[in-house]
Amino acid sequence: MNTQVDFLTIPSITLLKKEDMAQVAFIESLSNTPSWTEDMFSSELDKDNGFIYGIYYNASLVGFILINTILDEIHILKFGVLPEFRHIGLGKKLISTVLDLYKDETEKYVWLEVRKSNNIAISLYTSQGFEIKGVRKKYYADNDEDAYVMVLRLTKLKKITL
């Protein structure tokens, strides 16, 4: 699919609902293997700590990020962008906007795993400040590939008093 991108169109980011999970599962099927199903994504929304944010472009959902929050930690479990909308900054905008939502007066850590062979994703995450902290051997069941464990320390926002 040849998509023309209008750089004057402003993408919007919003918290997704269960009715969005079919499109999330479709994006997932084009982004990650093995892929999660619509039901698997929906079950994450049933949890008190599960959130899925989406990025819309021209009123169409083109990317998502699934996070779990646990005390002072945020875990990015899934992330995907439609292939025709990759490499134009939408994924970076989605990640940075969502992480900004979780900055407050407390320090937090954001964790994720990424395939060692996924240099594009690793580059995206490092551009956002993530660092490789370890390796999970044979993490991916489809081919026994190792995963890098990456972490980002969200710094505290300074309270301004006038």
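Calculation notes
- Counting restarts for each chain: residues are numbered from 1 in the order of the written sequence.
- Only residues with pLDDT of at least 70 get local features here, since the model is predicted, and only at 80 or more are side-chain atom pairs given and counted; chain-wide, interface and lining totals rely on the full set of residues.
- Excluding hydrogens and water, the side-chain figures rest on all heavy atoms present in the structure.
- Here, nonpolar core refers to any group of buried Ala, Val, Leu, Ile, Met, Phe, Trp, Tyr and Cys residues whose side-chain atoms link them within 4.5 Å.
- When a residue's accessible area, from a 1.4 Å probe over protein chains only, is under 20% of the maximum for its type it is buried; when over 50% it is exposed; and in between it is partly exposed.
- Helix and strand labels come from DSSP, where a helix needs a run of H or I of at least four residues and a strand needs a run of E of at least two; each type is numbered from the N terminus.
- By the convention used here, residues are in contact when the closest approach between their heavy atoms is within 4.5 Å.
- Within this scheme a cavity is a closed region of a 1 Å grid, computed over the protein atoms alone, that accommodates a 1.4 Å probe without allowing it to escape, whereas a pocket is open but has protein on both sides within 12 Å along at least five of seven lines; lining residues each have an atom within 4 Å of a point.
- Grid points are joined across faces, edges and corners, and a volume is the space filled by probe spheres set on the points.
- Only Asp, Glu, Lys and Arg are considered charged, only Ala, Val, Leu, Ile, Met, Phe, Trp, Tyr, Cys and Pro nonpolar, and every remaining residue, Gly among them, polar.
- DSSP bridges decide pairing: two strands pair if at least two such bridges lie between them.
- To obtain each axis, a line is fitted to C-alpha atoms, and for helices this fit is confined to the stretch in contact; angles are then taken between N-to-C directions over 0 to 180 degrees.
- What a helix is expected to span follows from its residue count: subtract one and scale by 1.5 Å.
- This arc describes the spread of directions from the helix axis toward the C-beta atoms.
- We count a salt bridge whenever a side-chain nitrogen from Lys or Arg sits within 4 Å of a carboxyl oxygen from Asp or Glu.

We now examine the nonpolar core. Side chains of a nonpolar character, in soluble globular proteins, are inclined to be buried together. Membership of the largest hydrophobic core comes to 40 residues, with the highest contact counts inside it found for I65, Y125 and F130. Taken together, the elements giving at least two residues each to this core come down to α1 (21–29), β2 (50–57), β3 (60–70), β4 (73–81), α3 (90–101), β5 (108–115), α4 (119–127) and β7 (145–154). Among the elements that line this core, the one with the most residues is β3, at 6 residues. Residues within four places of F130 in sequence aside, it is in contact with I76, L99, V110, L112, Y125, M150, V151 and L152.

Let's shift gears to the layout of surface pockets. Put simply, the largest pocket is a space of about 1000 Å³. Surrounding the largest pocket, 33 residues form its lining, N32, F79, N118, A121 and Y125 being those nearest its centre. Among the secondary structure elements, those contributing two or more residues to the lining of the largest pocket are β4, α3, β5, α4 and β6 (131–140). Looking at the lining of the largest pocket residue by residue, the classes come out as 18 nonpolar, 10 polar and 5 charged.

The 7 strands are arranged β1-β2-β3-β4-β5-β7-β6 in an open sheet whose pairing can be described as mixed. Among the strands making up the open sheet, the edge pair consists of β1 (12–15) and β6. Looking at each pair of strands side by side, their axes are set apart by 25° on average, direction ignored. Along the sheet face, α1 touches β2, β3 and β4 and points at about 95° away from the line of β3.

Moving on, we come to α3. Here α3 contains 12 residues, and its C-alpha end-to-end distance of 17 Å stays within 8% of the 16 Å for a straight helix at 1.5 Å per residue. Every buried residue belonging to α3 is among L90, G91, L94, I95, V98 and L99, and all of these are buried. Seen end-on, α3 carries its buried residues on one side only, within an arc spanning 160°.

A word on the pattern of salt bridges. Here the structure, examined in full by the defined rule, presents 11 salt bridges. Among the ionic pairs, R153 bridges to E107, the shortest N-O distance being 3.4 Å. You can see R153 sitting in strand β7 and its partner E107 sitting in the loop between α3 and β5, a full 46 residues away along the chain. By relative accessible area, which is 47% here, R153 ends up partly exposed. Its salt-bridge partner being E145, residue R115 comes within 3.1 Å of it at the nearest N-O pair. Placement of R115 in strand β5 and of E145 in strand β7 is noted, with a sequence separation of 30 residues between them. Accessibility assignment for this pair places R115 and E145 in one class, buried.

To continue, consider the pairing of β2. The buried fraction of β2 is high, at 7 of 8 residues. Two elements, β1 and β2, share 4 bridges in a ladder whose sense is antiparallel. When the sheet's bridge partners are listed, I13 is paired in β2 with I55. Sheet topology places β2 next to β3; 8 bridges connect them, and they run antiparallel. For F51, the partnering residue across the bridge sits in β3 and is I67. Counted between consecutive antiparallel strands, the loop separating β2 from β3 contains 2 residues, among which N58 sits at a positive phi close to 50°.

None of this, on its own, says anything about what the molecule does.
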